[in-house]
Amino acid sequence: MIESLNPIIRGWSNFHCHNVAKDAFARVDYEIHKMLWNWASRRHPHKGKGWIKARYFLRRGSQDWVFTDPEEKKGPVLARASDTPIKRHVKIKKDANPFDPKWTTYFEERTSRSKPNIVP
């Protein structure tokens, strides 16, 4: 189940990472967690909440309630939308013209900011 949900969660959050989406990401994580908890409770109707949490929701590093495969404690975990970094879009100045030589330095700075720093 984790392998089928992770691409969907990552794809949705990568699509929306350019928007101001922190609250939306938190809400999506909450709804997914609620659905997973309901699924686990339906799957094990005679088990208690503590048993369900111990079986499906583990602690990984500083994060608690990480959904993972109970058979593979070190296996894949469910992606969280809120872990996706939000990338801000910087607007272009309205008078900027890429064909005007006086704006050359402005566009060079914009280009250098958008490229990742690669250290050889």
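For the structure, see preceding data.
Small disclaimer: the values here were computed from a predicted structure and weren't measured.

Analysis parameters
Residues numbered from 1 in each chain as written. Predicted model: local features only at pLDDT ≥ 70, side-chain atom pairs only at ≥ 80, totals over all residues. Heavy atoms only, no water. Pairing = 2+ DSSP bridges. Helix = DSSP H or I, 4+ residues; strand = E, 2+ residues; numbered from the N terminus. Core = buried A, V, L, I, M, F, W, Y, C linked by side-chain atoms within 4.5 Å. Buried < 20%, exposed > 50% of the residue type's maximum accessible area, 1.4 Å probe, protein only. Contact = heavy atoms within 4.5 Å. Axes fitted to C-alpha atoms, helices over the stretch in contact; angles between N-to-C directions. Parallel < 35°, antiparallel > 145°, perpendicular 65-115°, else oblique. Left-handed = near helix turned anticlockwise from the far one by under 90°. Salt bridge = Lys/Arg side-chain N within 4 Å of Asp/Glu carboxyl O.

1. Remarks on the pairing of strand S1 (residues 57-60)
Pairing geometry for S1 and strand S2 (residues 63-67), over three bridges, is antiparallel. What sits directly across from leucine 58, in S2, is valine 66. The antiparallel pairing of S1 with S2 creates a hairpin that spans two residues between the two strands, and glycine 61 there sits at a positive phi of about 65°.

2. Description of the nonpolar core
Ranked by internal contacts, the top residues of the largest apolar core, which has 15 residues, are Ile9, Leu36, Tyr56, Phe57, Phe67 and Leu78. Counting residues per element, the ones that place at least two in this core are helix H1 (2-15), helix H2 (22-43) and helix H3 (49-56). Top element by residues in this core is H2. It accounts for five residues. When neighbours within four sequence positions are excluded, phenylalanine 67 is seen to be in contact with Met1, Ile2, Leu36, Trp39, Tyr56, Phe57, Val77 and Leu78.

3. Quick word on the environment of asparagine 19
Note that asparagine 19 resides in the loop between H1 and H2. Sequence spacing of asparagine 19 and asparagine 38 is 19 residues, and the spatial spacing of their C-alpha atoms is 30 Å. When near neighbours in sequence (up to four residues on either side) are disregarded, asparagine 19 contacts Ile86 and Arg88.

4. Observations regarding the packing of H2 against H3
One can describe the packing of H2 onto H3 by two numbers: an axis separation of 10 Å at closest approach and a directional angle of 115°. One element, H2, and the other, H3, form an angle in the roughly perpendicular class. Relative to H3, H2 is oriented so that their crossing is right-handed. Residues Trp37, Trp39, Ala40, Ser41 and Arg43 of H2 touch H3, and the partners they reach there are Lys49, Ile52, Lys53 and Tyr56.

5. Concerning the pattern of salt bridges
With the rule as written, the count across this model stands at four salt bridges. Here lysine 34 ties to glutamate 31 by a salt bridge, and the two come within 3.5 Å at their closest N and O atoms. Of this pair, lysine 34 and glutamate 31 both sit in helix H2, three residues apart, roughly one helical turn. Given the relative accessible area of 35%, lysine 34 is considered partly exposed. Between arginine 59 and aspartate 64 there is a salt bridge, and its shortest N-O distance comes to 3.7 Å.

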